[in-house]
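Geometric and topological summary
Each chain, letter by letter, is given below.
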Amino acid sequence: MSDSASTDATPTGGGAPAPSWSRTMSVSFRLNGKERAATVAPRVTLLDWLREEAGLTGIKKGCNEGACGTCTVLVDGKRMNGCLTLVVQCDGRDVTTVEGIAGEDGTLHPVQRAFIDHDAFQCGYCTPGQIVSAVACIAEGHATDEATVREWMSGNLCRCSCYPQITEAVLDAAARMGPHT
Amino acid sequence: MRDFSYARASDVHQAVSALSGSGAAIIAGGTELLNWMRLGIAAPDRVVDIGGLDGLDGIALDTGHLTIGALASLNTIGEDPRVVEHAGALAQACLLAASAQVRNRATIGGNVLQKTRCAYFRAEEPLPWACNKRAPGSGCAARDGINERHAIFGWTDACVAVQPSDPAVALACLDAEVDVAGPQGRRTIPMTSFHLTQEEAAAAGEDPARYETRLGPEEMILSYRIPVRPGRRSAYVKVRERASYEYALVSAAAGVELDEDTIVSARIALGAVAQRPWRLPGAEAELAGKTLSKDTLLAIVEAAMRDARPLAHNGYKVPMARNAAVRAVLLAGGRS
């Protein structure tokens, strides 16, 4: 990253070198496998940037406070809430959204296939977050049985209440993908 | 959320120096700070990011201590075999907190600094009711309002909030020490006195609604040190209104050392009953030498709950906390 635009001078104590304060930050990271650069105000969340600047609208702004999971993305392979993540905190990292889950030729990911096969959605609003979360849940080794899936998928709410089908889909996808090592 | 200036700290010294003066905040995971800024609970001019600091996210086991860096995530701690073995209550508390996604962002440093979930406190500006934490002198809407989630110990008329952290309860039970850095260097604060009840803040001559921890405004948490005792086992019980991803109505952490069925030593801390983890020193002393049994535990913990001062809507917390404590001790002792 490099600092740019306006920089504030701020008092510092002791002999520590002053931190470099910026109102605008240049950030670069991998987004769904491709290098991206962005210049953002520090307050911009990954959720807002993905939807409004990158045009990736799979991620949804449900609660915007970390309660619903519709903004789930992978950062360095770990699932996180895009609404609780600043773009400036993604510098140098690897970000994957639901748009980056399928194969490059459009082949659906086993989790996507399983959601269709098990009819694991009604309105579909939570589905991108559910799918990204499920991919991580399986990779973590937490898709072992119904109770464990329900516990480790509890960060993704479904107000249509498709939880039985979602749980089935996650377990089925995990089975199709084989034992995780 | 208002705009702010941002900087990445290159070391602890720089992070601490960035806190000098007013209007600065630290960000690590950001799961609390971003929501504070959205609601107007915090409006820092400057935010210093400590997420990239080296060496603060580690977990280490050496003779006598388990050390956990402030930047370790709740998921990392909860699934670490050393934590599971030597500080089971902490591992369980971490994994019973929040959701899988939030736990990947949330750090153990920030977790104990989270603020109350009181609905009167967590409202968007402009605040439509009184809250002494948000607007000093305005009053406490919860004191005589909807207070079923609020304190039964240590509150004053100025504020009846509870501290919602699960890991803090486990850390207090396990006699953890918090290592902090500030302008004057480093110091250690016992976890049992890291947070203050409203009564303790008032007794210290501070604002009972706003003086919540002994961490100074220019200090940051570096790590936690948990004494490891080979014979001690611990457990965490969290009681909540839904099975997962919910704050505690009450919780309890317990650690016990047993000689066959005899309790050699016991530690009990209750959560969501006060603005700090609520240890039961009287009951702990009483339990030493007793046989581990449900009836003995119930009688002794019951006696320790006599000091409780429930509000209009949270009388249920007294027996619920007692039962959670009994269950936690039994679980820690290998009984179910």
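The rules we used
Residues numbered from 1 in each chain as written. Chains lettered and ligands numbered in written order. Predicted model: local features only at pLDDT ≥ 70, side-chain atom pairs only at ≥ 80, totals over all residues. Helix = DSSP H or I, 4+ residues; strand = E, 2+ residues; numbered from the N terminus. Buried ≥ 20, exposed ≤ 12 C-beta atoms within 10 Å, placed from the backbone. Domains from an automatic or database assignment. Contact = placed C-beta atoms within 7 Å. Nonpolar A, V, L, I, M, F, W, Y, C, P; charged D, E, K, R; others polar. Pairing = 2+ DSSP bridges. Axes fitted to C-alpha atoms, helices over the stretch in contact; angles between N-to-C directions.

1. Details of the overall build of chain A
- Per the secondary structure count, chain A includes five helices and six strands.
- Starting at the N terminus and walking to the C terminus, you meet the elements of chain A as β-β-β-α-β-β-β-α-α-α-α.
- For chain A, the C-alpha atoms occupy an extent of roughly 60 × 35 × 35 Å along the three principal directions.
- Here chain A, with 181 residues, has 46% of them falling under the buried criterion.

2. Section: helix α2 (residues 110-117) of chain A
- Listed in full, the buried residues belonging to α2(A) are A:Pro110, A:Val111, A:Gln112, A:Ala114 and A:Phe115.
- A positive backbone phi angle near 55 degrees is found at A:Asp119, which sits one or two residues after α2(A).

3. A few points about the domain arrangement of chain A
Residues and elements named next belong to chain A.
- The domain architecture assigned to chain A consists of domain 1 (2-13 + 20-100) and domain 2 (110-177).
- When each unit is reduced to the centre of its C-alpha atoms, the spacing between domain 1 and domain 2 is 25 Å.
- In this complex, domain 1 contributes 13 residues to the contact, which on the side of domain 2 involves eleven residues.
- Secondary-structure elements contributing two or more residues to the side of domain 1 that touches domain 2 are β4 (72-75) and β5 (78-81).
- Grouping the amino acids of the side of domain 1 that touches domain 2 by side-chain chemistry returns six nonpolar, four polar and three charged.

4. Observations regarding the interface of chain B and chain A
- Listed by partner, the interface residues are 32 residues for chain B and 35 residues for chain A.
- Elements supplying a minimum of two residues to the side of chain B that touches chain A: β1 (5-8), α1 (12-18), α2 (33-39), β3 (46-49) and α6 (100-105) of chain B.

5. Considering the environment of B:Pro230
All names here are of chain B.
- Along the chain, the position of Pro-230 falls in the loop between β8 (220-227) and β9 (232-239).
- Classification of Pro-230 by C-beta neighbours within 10 Å gives exposed; the count is 6.
- Considered as a pair, Pro-230 and Glu-257 are 27 residues apart in the sequence and their alpha carbons are 8.9 Å apart.

6. Let's talk about unusual backbone geometry
- Note that the residue after B:Glu125, namely B:Pro126, is joined by a cis bond; omega there is -5 degrees.
- Turning to its location among the elements, B:Pro126 is positioned in the loop between α7 (108-111) and α8 (166-173).
- Phi is positive for A:Asn32, which is not a glycine, with a value near 50 degrees.
- Here A:Asn32 lies in the loop between β2 (24-31) and β3 (34-40).
- Located in the positive-phi region is A:Asp76, a residue other than glycine, with phi close to 50 degrees.
- Mapped onto the elements, A:Asp76 comes out in the loop between β4 and β5.

7. Thoughts on the sheet that holds strand β4 (residues 59-62) of chain B
All names here are of chain B.
- The strand order β4-β5-β8-β6-β7 describes an open sheet built from five strands, whose pairing is antiparallel. What marks the edges here is a single partner per strand, and that holds for β4 and β7 (185-190). Taken over all neighbouring pairs, the strand axes of this sheet differ in orientation by 20 degrees on average, direction set aside.
- Of the strand pairs in this sheet, strand β5 (residues 65-69) and β8 are connected by five bridges, and their pairing is antiparallel. Note on β8: the bridge partner recorded for Thr-67 is Arg-225.

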